[in-house]
Structures are given as C-alpha cells and as structure tokens.
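# Architecture and fold: a report
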Amino acid sequence: MSFWKALFGGAEKNPEEEKQEDATRKFDLYKYDGIKALRMNQAEYAVKCFTEALKLKTDIETLDYLSQAFVRMGHFAEALSTLDIVRKIAPKAMLVYDRMGHIAYMMEDYDRLGEIARQAQEQDPQHAHAYYMAAQAAVGTNNPVGAIAQLTQSLAVDDTQEEARLLRAQTLMAMGDLEAAQRDADLLKDQFGADEEVMLLSARLAARQGKADEAKALYGRLIEENPFQADAFRERGKLLFDEGDKEGAEADMRKYLELRPEELNGVNGEYKAEGVEEMMKRAYSAINPFGL
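Conventions used here
- Residues numbered from 1 in each chain as written.
- Predicted model: local features only at pLDDT ≥ 70, side-chain atom pairs only at ≥ 80, totals over all residues.
- Heavy atoms only, no water.
- Helix = DSSP H or I, 4+ residues; strand = E, 2+ residues; numbered from the N terminus.
- Salt bridge = Lys/Arg side-chain N within 4 Å of Asp/Glu carboxyl O.
- Buried < 20%, exposed > 50% of the residue type's maximum accessible area, 1.4 Å probe, protein only.
- Patch = residues over 30% accessible without salt bridge, like charges linked within 9 Å, V, L, I, M, F, W, Y side chains within 5 Å.
- Areas by Shrake-Rupley, 256 points an atom, 1.4 Å probe, with all protein chains shown as cover.
- Lys, Arg positive; Asp, Glu negative; His and termini not counted.
- Charge placed at Lys NZ, Arg CZ, Asp CG, Glu CD.
- pLDDT = per-residue confidence, 0-100.
- Contact = heavy atoms within 4.5 Å.
- Phe/Tyr/Trp six-rings, centres within 6.5 Å; stacked < 30°, edge-to-face > 60°.
- Lys NZ or Arg CZ within 6 Å of the ring centre and 35° of its normal.
- Core = buried A, V, L, I, M, F, W, Y, C linked by side-chain atoms within 4.5 Å.

With that settled, consider the environment of Lys31. By the secondary structure assignment, Lys31 is in helix H2 (residues 15–39). Considered as a pair, Lys31 and Cys49 are 18 residues apart in the sequence and their alpha carbons are 6.2 Å apart.

A few words now on the pattern of salt bridges. With the rule as written, the count across this model stands at 25 salt bridges. Its salt-bridge partner being Arg118, residue Glu122 comes within 2.3 Å of it at the nearest N-O pair. In this pair, Glu122 and Arg118 both sit in helix H7 (residues 110–123), four residues apart, roughly one turn of the helix. Given a relative accessible area of 54%, Glu122 falls into the exposed group. A salt bridge links Glu235 to Arg204; the nearest nitrogen and oxygen atoms lie 2.7 Å apart. Placement of the pair is Glu235 in helix H14 (residues 230–242) and Arg204 in helix H12 (residues 196–208), with a sequence separation of 31 residues. Exposure remark for Glu235: the relative accessible area of 2% places this residue in the buried category. What makes Arg204 buried here is its relative accessible area of 9%. Beyond isolated ion pairs, a larger network of salt bridges with shared partners links Arg204, Asp231, Arg234, Glu235 and Arg260.

A cluster of acidic residues, Glu196, Glu197, Glu224 and Glu225, forms a negative patch on the protein surface. Those elements giving two or more residues to the negative patch turn out to be H12 and helix H13 (212–225). Within the element layout of this structure, Glu197 appears in helix H12. Taking the relative accessible area as the measure of exposure, Glu197 reaches 40% and is therefore partly exposed.

Before going further, it helps to examine the confidence of the model for the chain. Mean pLDDT over the chain: 89, with 86% of residues reaching 70 or higher. Here residues 268–273 is modelled with pLDDT under 50, and outside its nearest four sequence neighbours on either side it reaches nine contacts, counting other chains as well.

Okay, the packing of aromatic side chains next. Counted under the stated rule, the structure contains two aromatic pairs. When the ring of Phe50 is compared with that of Tyr65, the centres are 5.8 Å apart and the planes differ by 10 degrees; the resulting orientation is stacked. One end of the pair, Phe50, is in helix H3 (residues 43–56); the other, Tyr65, is in helix H4 (residues 60–73), with 15 residues separating them in the sequence. Tyr65 matches Phe50 in its accessibility class, with the two residues each being buried. An angle of 70 degrees between the planes, with centres 6.3 Å apart, marks the rings of Tyr105 and Tyr110 as edge-to-face. Classification of Tyr110 by relative accessible area gives partly exposed; the value is 21%. Here Lys57 stacks its cationic end above the ring of Phe27, 4.3 Å away from the centre of that ring.

On to unusual backbone geometry. You will see that Asn41, though not glycine, has its phi angle at about 60 degrees, which is positive. Assignment of secondary structure puts Asn41 in the loop between H2 and H3. Residues other than glycine seldom take positive phi values, yet Glu108 does so here, at roughly 60 degrees. Under the relative-accessibility criterion, Glu108 is labelled exposed at 57%.

It is worth spelling out the nonpolar core at this point. Counting 30 residues, the largest nonpolar core has Phe50, Ile116 and Met133 as the members making the most contacts within it. At the level of elements, H2, H3, H4, helix H5 (76–89), helix H6 (94–107), H7 and helix H8 (128–140) are the ones that each hand at least two residues to this core. Looking at this core element by element, the count peaks at six residues for H6. Discounting chain neighbours no more than four positions away, the residues touching Ile116 are Leu80, Tyr97, Met100, Gly101, Ala104 and Met133. Counting residues in hydrophobic clusters, the runner-up holds 17 residues, among them Met199, Ala215, Ile223 and Phe233.

As structure tokens, then:
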C-alpha cells in the first residue's frame, strides 16, 4: 500500500473484492434493465436481462420478475418452474403458492394445481386460498363433492371470500342442490351487494327454479349495467325461446353472436339463410344456457 493511499484512507482492494464488486454492478445493471423492459412490455428482452442477472446471483425478487415476464410471453410452464425455485427458497411465502396456482389454473393443469394447493395447506393450514385452489382443481377434474368439501373448509377459515362462496354456489347449482346454492347466493348479496357475478348467479338460479320472469328481469338489469354481458343475452334468449318468443330470442341470440362471433361457426354455417326456428333450436342446443 502506498503512503498516499494510506494517508487518505484509500485501501487497496484485492482481486477477489474487485471481482465481487464487478459482479454486483453487472447484476444491478441486468436486473434494473429487466425491470425497465418489463414496464415497457418488452417481456422477451426482460427475460434475457433477468436470466443474465440470475447467473451472477440467486435473488428472489429477480426470480419473481422473471416469472412475470414469462407469463406475459405466455410461457406458463417456465413461469411455474421459476416460481417453484422461489417456493423452495421461501416455503412459507404463501403468495408464491397463490401465484403458482393461478398459473396452473390458466394452463388447465388441474393435477398440478391440486399439488400446489396441497403443498400450501401443509405450510399453512389457515391459508384459506389454499383450499380454494384445491376446490378449483376438484372442479377441473369433475369431482364436485371434493370441491364442496374444500370450499367449505376455505370459508370456515375466512367466510368473507367472495370467490370461494361464489364457486360453492355455482358447484351446488350444477349438482342440483338449488336450495343450498340459493343460501350462498343470498349471503353473497348481503356481503358484497349485487355485483355482476352475483347477479348472474342469481339469474341462473331463478331460471333453474322455474322463475322465468325473475330471471329475465335480472338478465335485463345485467344488460343495462353491462351491454357487453354476452352470457346474459344468451341465457335470456333461451328463456324467451322456451316461452315461444322467437323474435325476442332471435334478437338476443344475434346480440350474443355479435359479442362472441367465434361461436357462429359452432352454431351453424348459414346463419342468415336458415329459418329462425331451426336456427334457434340448433343454437340453444349447442350452447349450455347456464354456463355450467
């Protein structure tokens, strides 16, 4: 060490310290360039930046950003694998399980979703969303009884969850237990008011219970509040068709197909040429009127 460096406090750095400082600078550069790219919706470049950063240091926040970039690119399997690394580093971080579960659900990988839910329940038996994810997996694998059990457990932990109560009501309705489904629907209205999902559930329940006028009124309210609510047009049209109101049913079906043009080929290939009655029969037999 020279006299002047010692006098002014400038201690010489050994090669290892310099190497470490250089790695830290490069890590920060790659990481924050990646964050900037992600904010600018340049997901592919963000993935490259985060990947280079992680070669220098394992960092939970960078892994999280990398998973977000993969999701934006539609690379769900890679996003799950990245978040699984985070899960192993921080097994008590329940938000990681929730995000992994959401991705598995988007992939319709219900076996993976069920496994993620099981792992979350093991780490925190009081994490209500873990039971909700298990219920989603059960619904996806055609196990409604298992779904009801998981949703009931989820609501026992936290009875203020709208999504869990809504899914339980929908599952009960699909199973034909309209009375129990109605109880959940009433609780939803008491707790959360008549938001769109709750109103749609109430309309479907009224229709299933043979209360056509009440159901049509609810569908009408939905359409007033959201003119793009395609399911409301479809399901109200089914009620009108069953009542013999072919003109009203056709109008609702036309509006539905305007909002969901991809359904047109599935209904028929000659929409304008067909007779109204035959078109409506085919349309409403091809599309489940209750969204189940």
